[in-house]
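# Observations on the three-dimensional arrangement
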Amino acid sequence: MALISLKSFRFYSPNTAASRSLVMTLSKSLNFISGQQKSQNYSSLAMRMLYSKVESRYMFCRNNHVQLRIQSLSVNETMHLCEDPGNSPISDNRWMDEQMFFKKLKGLDTSKEIFKFLSSLEIMSDIMASAALQRISEVEVDDNSLKNSEAVLENEVFRALCFQFEYESSKLSNTGLFNALQALIKLRIDPQSSLIAGLLSESQERLVKGQLTIKNLCDLGETLLELEGPSCATLEQILNHMQEKDIEMWSPTEMVMVYRMLQMSVREGKRYQDLLNRMNNVTLTIASQLSPKFMSIILNSLVVLRQTQAFPLVITLCKHSVKHVPYFTDDELVNVLEAFLYFGHCEQIFTEALETHVPKSIFTMHPETVSKIMKYCCQKIILSKPIFDAVAEVFISDADGFTTNQIAECIVPFGTLNYLPPSGPLLFGKLESILRAHFSQFQPHTLLNLLHSFVLIQRYPVNFLAKIFSPYFLQQLQAQPPGLDRFVTSQLTQLFLTATLECPFYEGPKLLPKYQVKASLMPVCSLDVHLLNRVKTGLLYLLKKRIYFASDVSTPYFYTVDIEIKLDEEGFVLPAAQCEEVHRRIALCVDGQNRFCINSHHLLGEEAIKQRHLKLLGYEVVQIPFFEIESLKNCRKMAAYLRKKIFPHAYGLRC
């Protein structure tokens, strides 16, 4: 992005002819005077000239000119805009004037309005002037570019502000100095200009003298990061000054500022881990006092800085975040959800708070927030019907506002968690329309994940299978990470198997054998070995010999059977190794907790499709869920349960 330079606006010495002309032009400038000076005591020849030449004109027609006098505070004075006005070095009347100024300034939406407002004032502090610059940067900067550079940079009031901020920088308060510096940089003023260089020089001089508060240090650090990046040498000085401070005396605001500063400057935080450890310990004691905004910022910083050792703090913040769920902004809620995901934490009360909040607010949420909520539910295996139903409704009504990645993050959880909402027909009708119109816009792996999730809940993307199985699409998959790994080929194989078993009318291209795998690789539904051993012990008690059942049996059809029992035509149990005279095959699905949604008896999509396909392949599927056998304490009870479950109509077993 091109930077806008002030070099074209030259500043002259006050004893030249050109400067006298400039002084006349600057009759609309804002003149710095110290808190102890009267309005007639100007600090430079240029200002005295200006005052003498225009004094009579201001006396009679002041409303036609800009006579803004900036009152600067001493370097060590600080404006506490959010604290008791009695702490301010400015009188009560002046404090009220500033409060009114900030309120009025906040309501102005264009630089033209701001300049007109400034031109109407008679006197203001340097903090007010710097606040005006900040407001101009807020309304005029869009996506890091200045919307109307000429109208701003050529404005007489703006040029006068720059003039005095440059030549009176030593008289600025810390707040005025850093606010102005940040605003000017945001306005894309050339960092090499004498204006920015002078303000930076003054800032660094105060840093060396130890005159900066924690807020000042953070403001300076953010400015240097914007200009020079994390490699800036002065950043180390700033962080060293921070380490010397008494962290226990920091306010929540200061704590948050330092977290953000570290997040932007050192990323993983290893270099300043001692400082972070101290901050984490102190933050743990004030977690309950943090606002929704502060809590979100700190959690985001802990993620970026990879503070996995600060898990007690993470748990505490996550617990306290529950009460803030209705008050988080979209961005803040996304930060909190990302922290839950990164640290692998889950709070039932947080989920309950989401279930209350999301259905009421989802139609005003940003699509990124909606997709992040669904990603949270999916990774934590949380089937929340209120949330899923609300997401389906908002997607049906406003799907065009979602990106392709957001669409996948919202829809894949329906398949993963095996849930078809009441509005399912409308939802998948909308999805088919989107895929028809924007198929080529989806990344290959995103598209495969999306279509694979359809078949888990018996929604068959028959119209798109030909494209998925085409050599061109498979080449695209292979060309992008993670390529055609075992997980991806498992998804392709399951799609093909679904088309074969459940869509006999499909006559399109088949998946080439080289892309098919013989065994599923779906870690979400892995086997609970402890539960399997309990069932095997019960079967041994029931069938008397181990030869009559086999475990972890690979089939020719992609799936692995937990336990297989073979029967002949008369119902006799056959040895597991026997291949002849097998009339019936019983597949026992030993389903541990990891095959169900969390805190429920609702089977996950991967296990549901496996059991469905095994039935279509000729197996008699018998489900052995954990919640039915966890209370069976001995082999005899387990054997009785298995006999009733596997052989419900047999009076006696024949082996």
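Structure: above.
Residue positions within a chain follow its written sequence, with the count starting from 1. This being a predicted model, a pLDDT of at least 70 is required before a residue's local features are given, and a value of 80 or more before pairs of side-chain atoms are given or counted; all residues contribute to the totals for chains, interfaces and linings. Side-chain numbers here rest on the full set of heavy atoms in the structure, without hydrogens or water.

Another aspect to go through is the pairing of strand E10 (residues 620-625). Pairs of strands are assigned from DSSP output, requiring at least two bridges between the strands. A helix here means a DSSP run of H or I that spans at least four residues, while a strand means a run of E at least two residues long, and both kinds are numbered starting from the N terminus. Here strand E9 (residues 584-591) runs beside E10; their pairing, made up of six bridges, is parallel. When the bridges of E10 are listed, Cys589 appears paired with Gln623. Orient the strands so they point away from the viewer; a crossover is then right-handed if the path from the first strand over the helix to the second runs clockwise. Assessed by its sense of winding, the connection that carries the chain from E9 through helix H27 (residues 605-616) to E10 is right-handed.

We now examine the nonpolar core. As a rule of thumb, nonpolar side chains are buried together in soluble globular proteins. Nine residue types can take part in a nonpolar core, namely buried Ala, Val, Leu, Ile, Met, Phe, Trp, Tyr and Cys, and a core is a set of them joined through side-chain atoms within 4.5 Å. Each residue is placed in one exposure class: buried if its accessible area under a 1.4 Å probe, protein chains only, is under 20% of its type's maximum, exposed if it is over 50%, and partly exposed if it falls in between. One finds Phe101, Leu118, Phe158 and Phe350 to be the most contacted residues of the largest nonpolar core, which totals 171 residues. The element contributing the most residues to this core is helix H5 (residues 126-140), with eight residues. Setting aside residues no more than four positions away along its own chain, Phe158 makes contact with Phe115, Leu133, Val152, Leu153, Leu184, Leu187 and Ile189. Residues Leu532, Val535, Leu632 and Leu642 belong to the second largest nonpolar core, which totals 29 residues. A contact between two residues is defined here by any heavy atoms of the two lying within 4.5 Å.

The next thing to look at is the pattern of salt bridges. Throughout this description, the term salt bridge denotes a Lys or Arg side-chain nitrogen within 4 Å of a carboxyl oxygen of Asp or Glu. Under the defined criterion, the tally for this structure stands at 19 salt bridges. Here Lys209 ties to Glu205 by a salt bridge, and the two come within 3.1 Å at their closest N and O atoms. On the basis of relative accessible area, Lys209 is assigned to the exposed category, the value being 53%. For the salt bridge of Glu628 with Lys645, the shortest nitrogen-to-oxygen distance reads 2.9 Å.

Glancing now at the packing of aromatic side chains. Ring pairs (aromatic) are described by centroid distance and by the angle formed between their planes. Ring pairs shown here join Phe, Tyr and Trp side chains whose ring centres sit within 6.5 Å, with only the six-membered ring taken for Trp; geometry is labelled stacked below 30 degrees between planes, edge-to-face above 60, and tilted in between. Under the criterion given, the structure shown has 17 aromatic pairs. Taking the centre distance of 5.8 Å and the plane angle of 10 degrees together, the rings of Phe439 and Phe464 count as stacked. Taken together, the residues Phe439 in the loop between helix H21 (424-438) and helix H22 (444-456) and Phe464 in helix H23 (residues 462-468) connect sequence positions 25 residues apart. Residue Phe439 is classed as buried on the basis of its relative accessible area of 13%. Ring geometry for Phe469 against Phe496: centres 6.1 Å apart, planes inclined by 80 degrees, an arrangement best described as edge-to-face.

Our next topic: helix H11 (residues 233-243). Inspection of H11 places Thr234, Leu235, Ile238, Leu239 and Met242 among the buried residues, and these make up the whole buried set. The arc enclosing the buried residues of H11, seen along the axis, measures out at 140 degrees, which places them on a common side. Where the residues of H11 are buried, they touch helix H9 (194-208), helix H10 (214-228) and helix H12 (252-265). The directions from the helix axis to the C-beta atoms are what the arc is built from.

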